[in-house]
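# Overview (structure and organization)
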Amino acid sequence: MVSTAGQVILCRAAVAWEAGKPLVIEEVEVAPPQAMEVRVKILFTSLCHTDLYFWEAKGQNPLFPRIFGHEAGGIVESIGEGVTDLRPGDHVLPVFTGECKECRHCKSEESNMCDLLRINTDRGVMLHDGKSRFSIKGQPIYHFVGTSTFSEFTVLHVGCLAKINPAAPLDKVCLLSCGISTGLGAMLNVAKPKKGSTVAVFGLGAVGLAAAEGARIAGASRIIGVDRSSKRFEEAKKFGLTEFVNSTEHEKPVQEVIAEMTDGGVDCSVDCSGSVDAMISAFECVHDGWGVAVLVGLPSKDDAFKTNPVNFLNEKTLKGTFFGNYKPRSDLPSVVEKYMNKELELEKFITHEVPFAEINKAFEYMLEGDGLRCIIHMDA
Ligand SMILES: [Zn+2]
Ligand SMILES: [Zn+2]
């Protein structure tokens, strides 16, 4: 293979020209990586709600034309100056929030909220020079969350790439670059159920089912799913769910329903719904004395969390998490290993697959609430 290092690459990318309009497959120029940057050949990507949210651009500053995409797997094509821990040929997962390894957050054992590379949805350019690496006939096309994986080649900061086991199938482990790790980590790293625990998961989308998968891996004895729709319940059994509560079918608040089912409350709960009412229920349904609730789902801009402070005095704990508390470069390789040693199951999250040319179908499935994850094959 002839090396393309140092040259502009012409390749296909799915460009969002306007908010809410179907993406258009275009030939784009991808500039070589600059200092501390890496150019990656994307092999598989999938669609996550965050892409959809910023593509619809309701209530945020619209930034178009833009290349979306942040859940993906690929192979390093070339590296920029100063990059020492990645080489061409390495298998990587891009991550929308990075790890510089040098700031206070990266040095803290507790935090994954890197000062330099924390998610920034308003920035459409590279940090190094404030410019985009994508263009069409000279017109710059904006990046998205530092990843822009809806392109056959993309350029990222080295701190936004996790180097993983090259034997791991990228068409499966690409899911670990965002949603699945978020739910899994919320359960395993933050809620931390013990073997035999009773757990509740609010919101049974891909992230919530990944939280349930975490509870299954941890050996929870009861996993109660809560959602406003019953359609996911059958599917959710594959993720370890043992019981289901449809919150619209009860007169009393869900926290009371769960307290009755569990002799006073669950040991831990995770909210992945983003509904503030569900967040409050998720907190209030944990057992006094030891219960822990973890918030994952993104609230609406003007939401306020309201609960009687006596819940805290009764020794219920409320926590929040971002990307499942995983440090992307340090921790994702070991999550990939959980899949490789068959502890973590990823296949059941994949409900659709489409060729890159039909990427708009993935948007349609998500808009219709059809399925969990759609894998987009870049070579097709
Ligand atoms: Zn950092
Ligand atoms: Zn995502």
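Quick caveat: nothing in here was measured; it's all calculated off a predicted structure.

## Observations concerning the environment of Phe153
For Phe153, the position within the fold is in strand β8 (residues 153-157). For the pair Phe153 and Asp90, spaced 63 residues apart in the sequence, the C-alpha separation amounts to 14 Å.

## So, the sheet that holds strand β1 (residues 9-15)
The strand order across the open sheet built from four strands is β1-β2-β6-β7, with neighbouring strands paired in antiparallel fashion. Only two strands of the sheet have a single partner each, and these edge strands are β1 and β7 (139-141). The mean inter-strand angle of the sheet, taken between neighbouring strand axes irrespective of direction, is 50°. Where strand β2 (residues 24-30) meets strand β6 (residues 134-136), two bridges bridge the pair, whose relative direction is antiparallel. Pairing of Val30 across the sheet is with Phe134, part of β6.

## Focus: the packing of helix α4 (residues 179-191) against helix α5 (residues 206-218)
Viewed as axis vectors pointing N to C, α4 and α5 meet at an angle of 45°, and their least axial separation amounts to 7 Å. The angle between α4 and α5 places the two elements in the oblique class. Crossing angle aside, the handedness with which α4 passes α5 is right-handed. Packed against α4, whose contacting residues are Gly179, Ile180, Thr182, Gly183, Leu184, Met187 and Leu188, the element α5 presents Ala206, Val207, Ala210, Ala211, Glu213, Gly214, Ala215, Ile217 and Ala218 at the interface. In terms of residue class, the contact of α4 with α5 is built from eleven nonpolar, four polar and one charged.

## What to know about the coordination of the zinc ion (ligand 2)
Binding of the zinc ion (ligand 2) to the protein goes through Cys48 (SG), His70 (NE2) and Cys178 (SG), at separations of 2.0 to 2.1 Å. Expressed as a motif, the donor residue spacing for the zinc ion (ligand 2) is C-x21-H-x107-C. One end of the pair, Cys48, is in the loop between β3 (37-46) and α1 (49-56); the other, Cys178, is in the loop between α3 (170-173) and α4, and 130 residues separate them in sequence. Judged on exposure class, the residue Cys48 and its partner Cys178 are both buried.

## A look at the coordination of the zinc ion (ligand 1)
Donor atoms from the polypeptide that bind the zinc ion (ligand 1) are Cys100 (SG), Cys103 (SG), Cys106 (SG) and Cys114 (SG), placed at 2.3 to 2.4 Å. Bound by four donor atoms, the zinc ion (ligand 1) shows angles of 104 to 116° at the metal and therefore tetrahedral coordination geometry. Take Cys114: its relative accessible area is 0%, and that puts it in the buried class.

## Observations regarding the nonpolar core
Residues Phe150, Val173, Leu176, Met187 and Val270 are the most contacted members of the largest nonpolar core, which totals 106 residues. Viewed by domain, this core spans two of them, domain 1 (2-177 + 346-377) and domain 2 (180-323), each represented by three or more residues. Sequence-distant contacts of Leu176, defined by excluding residues within four places in its chain, comprise Leu93, Ser181, Phe323, Leu332, Val335, Val336, Leu344 and Leu346. Counting 15 residues, the second largest nonpolar core, distinct from the first, contains Ile224, Val245, Ile258 and Val266.

## Concerning the sheet that holds strand β10 (residues 198-202)
With parallel pairing, six strands are arranged side by side in an open sheet as β12-β11-β10-β13-β14-β15. With one partner strand each, in any of the chains shown, β12 (243-246) and β15 (317-320) form the two edges of the open sheet. In this sheet, neighbouring strand axes are inclined to one another by 20° on average, regardless of whether the strands run parallel or antiparallel. Bridging between strand β14 (residues 292-295) and β15 involves four bridges; their strand directions are parallel. Bridge pairing in β15 links Ala293 to Leu318.

How each quantity is defined
- Residues numbered from 1 in each chain as written.
- Chains lettered and ligands numbered in written order.
- Predicted model: local features only at pLDDT ≥ 70, side-chain atom pairs only at ≥ 80, totals over all residues.
- Heavy atoms only, no water.
- Helix = DSSP H or I, 4+ residues; strand = E, 2+ residues; numbered from the N terminus.
- Pairing = 2+ DSSP bridges.
- Axes fitted to C-alpha atoms, helices over the stretch in contact; angles between N-to-C directions.
- Parallel < 35°, antiparallel > 145°, perpendicular 65-115°, else oblique.
- Left-handed = near helix turned anticlockwise from the far one by under 90°.
- Contact = heavy atoms within 4.5 Å.
- Nonpolar A, V, L, I, M, F, W, Y, C, P; charged D, E, K, R; others polar.
- Donors = N, O, S within 2.8 Å, 3.2 Å for Na, K, Ca; no water.
- Buried < 20%, exposed > 50% of the residue type's maximum accessible area, 1.4 Å probe, protein only.
- Tetrahedral: all angles 85-135°; square planar, octahedral: opposite > 155°, others 65-115°.
- Core = buried A, V, L, I, M, F, W, Y, C linked by side-chain atoms within 4.5 Å.
- Domains from an automatic or database assignment.

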